[in-house]
Amino acid sequence: MARTMSEPTYFILAALLDGPSHGYGVIKLAEQESGGRVRLAVGTLYGALDRLAGAGLVELDREETVQGRPRRYYRITPAGREAVTAEAERMRQAARAVTRRISPRTAQA
Amino acid sequence: MTDRLERHYRRLLLAYPRGYREANGGELTATLLEASPPGRRTPPAREAFALVRGGLAERARAATAGPRPWWVDGLHLALPPLILANTVAAFWTIYNHAWFGAVMALLMLPVVFGRARLALPVALFAALQVSGPTSDLGVGHGVPVSGWSVPLGFWAVAAILAVLAVRGDRLRRRSPLWLAATAAVLGYAHVSAVTGPPWTLLRAVVEVALLGLAVAATAVTRDGRWALASSLYLVGAIAPLAEYPFVPGWRSISYWGTLAALTLATVILPRRRARTL
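It should be emphasised that the depicted structure is a prediction, and the values quoted were computed from it without experimental measurement.

Take the UniProt feature "transmembrane region" (unreviewed entry) in chain B next. All names here are of chain B. The feature "transmembrane region" (unreviewed entry), as annotated in UniProt, sits at residues 102–128, 148–165, 177–195, 201–220, 227–247 and 253–270 in this numbering. Spanning residues 102–128, this segment combines 89% helix with 0% strand, and its end C-alpha atoms are found 16 Å apart. Annotation note: span residues 148–165, helix share 94%, strand share 0%, distance between end C-alpha atoms 25 Å.

Spelled out as structure tokens, the structure:
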């Protein structure tokens, strides 16, 4: 099933590769890892998490209560790990198509 | 400070359906407060927009849940706009015979509440009234009485209700705004005999807005029910064009073009590749 992953989805999954995280944690990490490009609004994040959970790429890890408010932690599933790895590999190959034809000295100014 | 912001967020969360809010509202609020820059008293526009968009998308998804097949819900969805259009088409009749307006209200009521079997007899009665020889009830005053497009609209509603009644599915409750709209049209018909450009413009705006919502819901869910409802409505709306000579002006062309394009969008969207993850 070779379908391209959107950038926000990719970085959400990447953020979870280190271990389970809660909503705001994912937002922070995704922004960090993408060099500030992926700035998820909370509404967008939870929509994406719902979709990913529906596709079996993400699942609920645990629920805690912090300062009287519920906080849920999410973790990546083996299928999610596979999907994001495949996407990273796809992008690496795509990048190689260009990078191997360009060397620092012969690149056009 | 946080209280005010939280209250703003809770209001924005109303965009989400109640079930979703109850299950996830607490967590969403917590994350929203965490993600907001300190000292903010109103939500950033980005967050507000994302919440409304997310909430409406959830509502669209909730609309596709349930035991009913998509086309049954699509048929049901087509009914309130068709009935409202029929009510408007019978404007002069209602102006002259107030009881017919009551009939239309009595038709919209069970339809909105999903009671097809209650609505069917009323729909049949209304259709017979506008189709019979115009002894006591001439529909479309000023329009040739041999017209078929207006009775067609009424019979279409009856036919749809017959299918739903025979199937006997439990139907969703539709928006009470349809009842309010019917009351508004009936109220106006009771009071004034004038239907001019503002009336036509208002109708066009409402139609385009509703079709826009249908396109958006289809884009989110890839479900065909809105396409079915929109197509049925378009056919009903176009029927008078087939019956009476059509004088094309840029206004009518852009109006019909917009309606047709939006309806086409609802039909085409589900066929495209599902959105990437």
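Attention now moves to the side chain of Arg72(A). Within the secondary structure, Arg72(A) is located in strand β3 (residues 69–76). Classification of Arg72(A) as buried rests on a relative accessible area of 13%. At 3.1 Å, the side chain of Arg72(A) and the side chain of Glu63(A) are in polar contact. Within the structure, Arg72(A) has its side chain in polar contact with the backbone oxygen of Ala23(B) (distance 2.8 Å). When residues no more than four places from it in sequence are discounted, the contact partners of Arg72(A) are Ser21(A), His22(A), Gly23(A), Leu60(A), Arg62(A), Glu63(A), Ala23(B), Asn24(B) and Glu27(B).

Mapped onto this structure's residue numbering, the UniProt feature "domain: Transcription regulator PadR N-terminal" (unreviewed entry) falls at residues 12–84 of chain A. What you have in residues 12–84 of chain A is 49% helix and 26% strand, and the ends, taken at the C-alpha atoms, are 10 Å apart.

The strands making up a sheet associate through hydrogen bonds between their backbones, and the pairing can be parallel or antiparallel. All names here are of chain A. An order of β1-β3-β2 is seen for the three strands of this open sheet, with the pairing classed as antiparallel. Lying at the two open borders of the sheet, with one neighbouring strand each, are β1 (21–22) and β2 (58–66). With two bridges joining them, β1 and β3 adopt antiparallel strand pairing. Its bridge partner being in β3, Ser21 is matched across the sheet by Tyr74.

Turning next to the environment of Leu262(B). Summarising the element assignment, Leu262(B) is placed in helix α12 (residues 250–268). Taking the C-alpha atoms as reference points, Leu262(B) and Leu213(B), 49 residues apart in sequence, are found 9.8 Å from one another.

A few words on helix α4 (residues 70–89) of chain B. Residue and element names in this part refer to chain B. Over its 20 residues, α4 runs 29 Å from end to end, which matches the ideal 28 Å to within 8%, given 1.5 Å per residue. Along its length, α4 reaches its greatest deviation from straightness, about 25°, at Leu79, and the proline Pro80 lies no more than four positions downstream. In terms of residue burial, α4 counts as a mostly covered element, since 17 of its 20 residues are buried.

Here we come to the domain arrangement of chain B. All names here are of chain B. Each domain of chain B was delimited in the assignment, giving domain 1 (2–63) and domain 2 (70–276). Summing the contributions of domain 1 and of domain 2, the shared interface buries around 420 Å²; its carbon and sulfur component is 68%. For the domain 1 face of the interface with domain 2, the top three residues by lost area are Ala60, Arg61 and Ala63, together amounting to 82%. At the boundary of domain 1 with domain 2, the tally comes to zero salt bridges.

What follows covers the interface of chain A and chain B. At the interface, 26 residues of chain A touch 26 residues of chain B. Interface area, chain A with chain B, both sides summed: about 2200 Å², of which 50% is carbon and sulfur. Glu27(B) is the partner of Arg72(A) in a salt bridge, and the nearest nitrogen-oxygen pair spans 2.8 Å. Between the two partners, chain A and chain B, sit 12 residue pairs in polar contact (both at pLDDT 80 or more). When grouped by side-chain class, the residues that make up the side of chain A that touches chain B number 12 nonpolar, seven polar and seven charged.

What follows is about the nonpolar core. Membership of the largest hydrophobic core comes to 55 residues, with the highest contact counts inside it found for Leu107(B), Phe154(B) and Leu161(B). A per-element tally of this core places α4(B) first, with 10 residues. Setting aside residues no more than four positions away along its own chain, Phe154(B) makes contact with Asn86(B), Ala90(B), Phe100(B), Met104(B), Ala126(B), Ala127(B) and Val130(B). Within the second largest apolar cluster, 34 residues are counted, among which are Tyr10(A), Val26(A), Leu40(A) and Leu13(B).

Moving on, we come to helix α8 (residues 149–167) of chain B. All names here are of chain B. The end-to-end C-alpha distance of α8, which contains 19 residues, comes to 27 Å, matching closely the 27 Å that a straight helix rising 1.5 Å per residue would cover. Among the residues of α8, those classed as buried are Ser149, Val150, Pro151, Gly153, Phe154, Val157, Ala158, Ile160, Leu161, Leu164 and Ala165. Buried positions along α8 lie against α4, α6 (98–112), α7 (116–131) and α11 (225–243). Where α8 ends, the next residue or the one after it, Gly168, has phi of about 70°, a positive value.

All names here are of chain A. Per the stated rule, a full pass over the model turns up nine aromatic pairs over all chains. Here Tyr10 and Phe11 contribute two aromatic rings whose centre-to-centre distance is 5.3 Å and whose plane-to-plane angle is 90°, an arrangement assigned as edge-to-face. Judged by its relative accessible area of 16%, Tyr10 is buried. We classify Phe11 as buried; its relative accessible area is 14%. Between the NZ or CZ atom of Arg62 and the centre of the ring of Tyr73, over which it lies, the distance is 3.8 Å.

Parameters at a glance
- Residues numbered from 1 in each chain as written.
- Chains lettered and ligands numbered in written order.
- Predicted model: local features only at pLDDT ≥ 70, side-chain atom pairs only at ≥ 80, totals over all residues.
- Heavy atoms only, no water.
- UniProt positions renumbered as here; feature names shortened; annotations may be inferred.
- Helix = DSSP H or I, 4+ residues; strand = E, 2+ residues; numbered from the N terminus.
- Buried < 20%, exposed > 50% of the residue type's maximum accessible area, 1.4 Å probe, protein only.
- Polar contact = N/O pair within 3.5 Å; in protein donor to acceptor, adjacent residues only side chain to side chain.
- Contact = heavy atoms within 4.5 Å.
- Pairing = 2+ DSSP bridges.
- Expected span 1.5 Å × (residues − 1).
- Bend = angle between axes of the 7 residues up to and from the residue.
- Domains from an automatic or database assignment.
- Buried area = accessible area lost by both parts, 1.4 Å probe.
- Salt bridge = Lys/Arg side-chain N within 4 Å of Asp/Glu carboxyl O.
- Nonpolar A, V, L, I, M, F, W, Y, C, P; charged D, E, K, R; others polar.
- Core = buried A, V, L, I, M, F, W, Y, C linked by side-chain atoms within 4.5 Å.
- Phe/Tyr/Trp six-rings, centres within 6.5 Å; stacked < 30°, edge-to-face > 60°.
- Lys NZ or Arg CZ within 6 Å of the ring centre and 35° of its normal.

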